[in-house]
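Remarks on the overall topology
Residues per chain are reported as follows:
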There are 2 protein chains.
Amino acid sequence: MKKKVAIGIDIGGTNTVFGFVDEVGQIIHESSILTQADQDADQLFRRLFKEIDDDFEKNSTTYELIGIGIGAPNANYYKGTVESPPNLNWGVVNVLEIIRGYSSLPSAITNDANAAAIGEMIFGAAKGMKNFIVITLGTGLGSGIVVNGELVYGADGFAGEIGHTISDPNGRDCGCGRKGCLETYASASGIRRTVYELIGTTNMSSELRNISYNQLTAKDIADAANCGDKLALEAFDYTAKILGLKLADSVAHLSPEAIFLFGGLALAGDLIFVPAKRYMEAYMLNIFKNKVKLLPSALPGAHAAVLGASSLIWNELKN
Amino acid sequence: MKKKVAIGIDIGGTNTVFGFVDEVGQIIHESSILTQADQDADQLFRRLFKEIDDDFEKNSTTYELIGIGIGAPNANYYKGTVESPPNLNWGVVNVLEIIRGYSSLPSAITNDANAAAIGEMIFGAAKGMKNFIVITLGTGLGSGIVVNGELVYGADGFAGEIGHTISDPNGRDCGCGRKGCLETYASASGIRRTVYELIGTTNMSSELRNISYNQLTAKDIADAANCGDKLALEAFDYTAKILGLKLADSVAHLSPEAIFLFGGLALAGDLIFVPAKRYMEAYMLNIFKNKVKLLPSALPGAHAAVLGASSLIWNELKN
């Protein structure tokens, strides 16, 4: 009997990664093509399915395809659409409809943070958990929420935008057009902004004063903090404080068993986890204190996107 | 064949109300006894079940009891407990265990805001909705959250504490021991505090300056606002602004179809609904704008508690 695998596709602004993933999260094959974000969606899927067909042919005696899961920015699970993502020149596109032109396999799409949450539930550290949140700390802050064992899509398919809860209505400009969204503070970009604010507002000496804003990475800040750079440490503390405060609000809504941090800024490890947990505990209502775990994702970073996307299919089979 | 009814019990600090409720939310009989909050739980249930038995005897040829639903402060659905409610001298009590001493009927307990949410779904304006939030604006701010057609209890049974999300970490003292919780602003008590802050900080003339804090009610403030009292109108605007801002955060988490406002402050009608909706829209992420209804509860206020409690049983039968 052939072994079942699901296709996982992660559509990014630069690369589109795909892979064949089995039931236990083993990646049989993974590859990528350029997204060519300035062009329309059709050309991407034309090239993509050619690659997938070519790559699968070599495996088709051993494996059987069972479905196609896709993670993409601004994706709507209910409608199968991708709606005007900031980094793709697509407008509103019905991705599942396009895919049906290439394959009759069952297919499902959601945004990358939701895919990360399902991936964590199916293949990662949230196995067996019924109530948890995954926070992705990348350029922005994405989130996927699981309640009673199901991903929360809400009435319109767009639930789970914790990055756009408001930390300070008079705060930093957000890419969404509003002010003070959590992701303007708690994300890889957010902590860079904080470093530059601290450079401007304090006299703390710091090696980060030698790096331009456009060159500065979250890893530079973590490296400096690990060398005892006070300004960098202060930036982590400030980031963690706002993250902890807003995660306490998420806990008040949902009382999750755990919150997972994932993505670039989460790689800073204790620098972000230790103060974020401390502030979250301080800001939580008494009944929730010392109950909610703050954990790193157990998905391997380099393959998480494909695992998450493929887990959409494995999750639907489970239900 | 006898008509099926569920018992709904609402335990309050002063009165405990109970009633027999049929499948369509008709209340066959409703009555109440004093809670005697300074005494233990056992005495309440001893008296309560004597009353229930006496009252039901008269109806027992026509009706058949199918279960007992209870709304109570600090109630935990999973454990069947009530845990140290501020207005009852009970400590931690397993209410469902006590009830099993009096009745072998199926029983369930949750807090009053969760019961209001299930009541709205079974008997009220949320019929057929799968994703919505009920906010009770009374002495505090309670909330019940429904996702994918199920009440959100979270990992520990205590989810849905939107009243204790933090609006301002350096803000007003909250009864929970922290500062700046939403309920210190958006509740019947919260708007009273706002009136008194405005009396202290502004020179606006207001008839509310003639009422002591302890005498002042949310209705007084609504009456003054309806007569054009500027300070009262300002208090409603301030309350609505903070409520709208924090509800926008709830929408970012859950993308509900509707948010229902219920309880004392919601009775102010347009005074609270109109500005709260305006601010909520202003603070919401673009993708959610003009999608989320802000509605009054359709449960009749005087009977909502008993309807909500009984709906726990009708809801379990539905599943």
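Sequence positions are assigned chain by chain, starting from 1 and proceeding in written order. Chain labels run from A onward and ligand labels from 1 onward, assigned in the order the entries are written. Selection of residues for local features in this predicted model requires a pLDDT of at least 70, selection of side-chain atom pairs for listing and counting requires 80 or more, and totals for whole chains, interfaces and linings are taken over all residues.

**Considering the overall build of chain A**
Scanning chain A for helices and strands turns up eight helices and 13 strands. Taken along the three principal axes of its C-alpha coordinates, chain A extends 65 × 45 × 35 Å. To assign burial, the other C-beta atoms lying within 10 Å of each residue's own C-beta are counted, with C-beta atoms placed from the backbone; 20 or more indicates buried, 12 or fewer indicates exposed, and intermediate counts indicate partly exposed. In chain A, which comprises 319 residues, the proportion classed as buried is 54%. Nonlocal contacts in chain A, meaning residues at least 24 apart in sequence, comprise 64% of its contacts between residues at least 6 apart. Per the convention used, a helix needs a DSSP run of H or I reaching at least four residues, while a strand needs a run of E reaching at least two, with both numbered from the N terminus. Contact criterion: two residues are in contact if their C-beta atoms, reconstructed from the backbone, are within 7 Å.

**Observations concerning the confidence of the model for chain A**
A score between 0 and 100, pLDDT records how confident the predictor is in each residue. Summarising the model, chain A shows a mean pLDDT of 96, and 100% of its residues fall at 70 or more. Prediction confidence for the complex, expressed as pTM and ipTM, is 0.96 and 0.95 respectively.

**Quick word on the sheet that holds strand β8 (residues 107-110) of chain A**
Residues and elements named next belong to chain A. Strands were regarded as paired on the criterion that DSSP finds at least two bridges between them. The mixed open sheet is built from five strands, whose spatial order is β3-β2-β1-β4-β8. A single partner strand is all that each edge strand has here, and the edge strands are β3 (27-34) and β8. Taken pair by pair, the neighbouring strands of this sheet meet at an average axis angle of 20 degrees, ignoring direction. As defined by bridge partners, strand β4 (residues 63-71) adjoins β8 across four bridges and the pair is classed as parallel. By the bridge assignment for β8, G71 is matched with T110. As a rule, the C-alpha atoms of each element are fitted with a line to give its axis, helices using only the stretch in contact, and angles between N-to-C directions run from 0 to 180 degrees.

**Examining the relation of the copies chain A and chain B**
For these two chains of identical sequence, chain A goes onto chain B by a turn of 180 degrees and a shift of 0.0 Å along the axis, with RMSD 0.0 Å. Such a combination of turn and shift is consistent with a two-fold rotation axis. Closest approach to the rotation axis within chain A is made by the C-alpha atom of V147 of chain A, at a distance of 3.8 Å. Interface overlap between copies is the fraction of interface residues in one copy that are interface residues in the other; for chain A against chain B it reaches 100%, indicating a shared surface. Least squares is used to superpose the copies, and the fit set is the C-alpha atoms of residues whose pLDDT is at least 70 in both copies.

**Looking at the interface of chain A and chain B**
With 35 residues of chain A at the contact, the number on the chain B side is 35 residues. At the level of secondary structure, the elements contributing two or more residues to the side of chain A that touches chain B comprise β10 (141-147) and α6 (230-254) of chain A. Counting residues per element, the side of chain A that touches chain B draws most heavily on α6 of chain A, which supplies seven residues. All amino acids are sorted into three groups, where Ala, Val, Leu, Ile, Met, Phe, Trp, Tyr, Cys and Pro are nonpolar, Asp, Glu, Lys and Arg are charged, and the leftover types, Gly among them, are polar. Looking at side-chain class alone, the side of chain A that touches chain B contains 19 nonpolar, 10 polar and six charged residues.

**A closer look at the domain arrangement of chain A**
All names here are of chain A. Where each domain starts and ends comes from a domain assignment, either automatic or drawn from a database. Assigned domains within chain A: domain 1 (3-122) and domain 2 (128-298). One C-alpha centre belongs to domain 1, the other to domain 2; they are set 28 Å apart. Counting from both sides, the interface comprises 14 residues of domain 1 and, opposite them, 17 residues of domain 2. No other element matches the eight residues that helix α3 (residues 112-123) contributes to the side of domain 1 that touches domain 2. Among the residues forming the side of domain 1 that touches domain 2, the class breakdown is eight nonpolar, three polar and three charged.

**Re the nonpolar core**
Core analysis: the biggest nonpolar cluster contains 218 residues, and I135 and I221 of chain A together with I135 and I221 of chain B have the highest contact counts within it. The residues contacting I221 of chain B, other than those within four sequence positions of it, are I191, V195, L208, A232 and A235 of chain B. By convention the nonpolar core is taken to be a set of buried residues drawn from Ala, Val, Leu, Ile, Met, Phe, Trp, Tyr and Cys and joined through C-beta atoms within 7 Å.

**Remarks on the sheet that holds strand β4 (residues 63-71) of chain B**
All names here are of chain B. Read from one edge to the other, the open sheet built from five strands follows the order β3-β2-β1-β4-β8, with strand pairing classed as mixed. The strands lining the two open edges of the sheet, one partner per strand, are β3 (27-34) and β8 (107-110). Strand-to-strand twist across the sheet, computed as the mean angle between neighbouring axes with direction ignored, equals 20 degrees. Summarising the sheet, strand β2 (residues 15-22) and β3 pair through seven bridges and their orientation is antiparallel. The residue of β3 that forms the bridge with N15 is L34.

**Considerations on the environment of S187 of chain B**
Residues and elements named next belong to chain B. Its place among the elements puts S187 in the loop between β11 (150-151) and α4 (188-201). The exposure class of S187 is buried, given the 27 C-beta atoms found within 10 Å. S187 has contacts with L137, G138, T139, G140, L141 and L265, leaving out every residue within four places of it along the chain.

**Notes on the packing of helix α5 (residues 218-226) of chain B against helix α6 (residues 230-254) of chain B**
All names here are of chain B. One can describe the packing of α5 onto α6 by two numbers: an axis separation of 7 Å at closest approach and a directional angle of 115 degrees. Seen from above, α5 lies across α6 with left-handed handedness. In this structure, α5 contributes I221, A224 and A225 to the contact, and α6 contributes A232, L233, A235 and F236. Should the near helix be turned anticlockwise from the far one by less than a right angle, the crossing is left-handed, and should it be turned clockwise, the crossing is right-handed.

**Observations concerning unusual backbone geometry**
Residues and elements named next belong to chain A. Notably, S84 is not glycine yet its phi reads approximately 45 degrees, a positive angle. Positioned with a positive phi, N290 is a non-glycine residue whose angle comes to about 60 degrees. By secondary structure assignment, the location of N290 is in the loop between α7 (270-283) and β13 (293-296).

**What to know about the environment of L299 of chain A**
Residues and elements named next belong to chain A. Among the secondary structure elements, L299 is positioned in the loop between β13 and α8 (304-318). Considering only alpha carbons, one finds L299 and F262, 37 residues apart in sequence, at a separation of 8.8 Å. The residues touching L299, leaving out its near neighbours within four places in the chain, are G119, E120, F123, G124, A304 and L307.

**Digging into the packing of α3 of chain A against α8 of chain A**
All names here are of chain A. Viewed as axis vectors pointing N to C, α3 and α8 meet at an angle of 70 degrees, and their least axial separation amounts to 7 Å. Between α3 and α8, the interaxial angle falls into the category roughly perpendicular. Of the residues in α8, those touching α3 at D112, A115, A116, I118, G119, I122 and F123 are A304, A305, L307, G308, A309, S311, L312, W314 and N315. By residue class, the composition of the contact of α3 with α8 is 11 nonpolar, four polar and one charged. Any angle between 65 and 115 degrees counts as roughly perpendicular, while under 35 counts as roughly parallel, over 145 as roughly antiparallel, and the rest as oblique.

**Regarding the pairing of strand β13 (residues 293-296) of chain B**
Residue and element names in this part refer to chain B. Bridge count for strand β12 (residues 258-262) against β13 is four bridges, and the pairing is parallel. Across the sheet, residue I259 finds its bridge partner in β13, namely L294. Note on handedness: a clockwise path from strand one over the helix to strand two, with the strands aimed away from the viewer, defines a right-handed crossover. Taken together, β12, helix α7 (residues 270-283) and β13 constitute a β-α-β crossover, and its handedness is right-handed.

**Notes on α3 of chain A**
Owing to its 3.6 residues per turn, the α-helix aligns residues three or four sequence positions apart on the same side. The terminal C-alpha atoms of α3 of chain A, which comprises 12 residues, lie 15 Å apart, in line with the 16 Å expected from a rise of 1.5 Å per residue. Counting buried positions over the 12 residues of α3 of chain A gives 12, a clear majority of the element. For a helix, the expected span equals 1.5 Å multiplied by the residue count minus one.

**Remarks on the environment of R278 of chain B**
All names here are of chain B. With respect to the helices, strands and loops of the structure, R278 is situated in helix α7. On the neighbour-count criterion, R278 (15 C-beta atoms within 10 Å) is partly exposed. Measuring from C-alpha to C-alpha, the distance between R278 and V95 comes to 42 Å, with 183 residues separating the pair along the chain.

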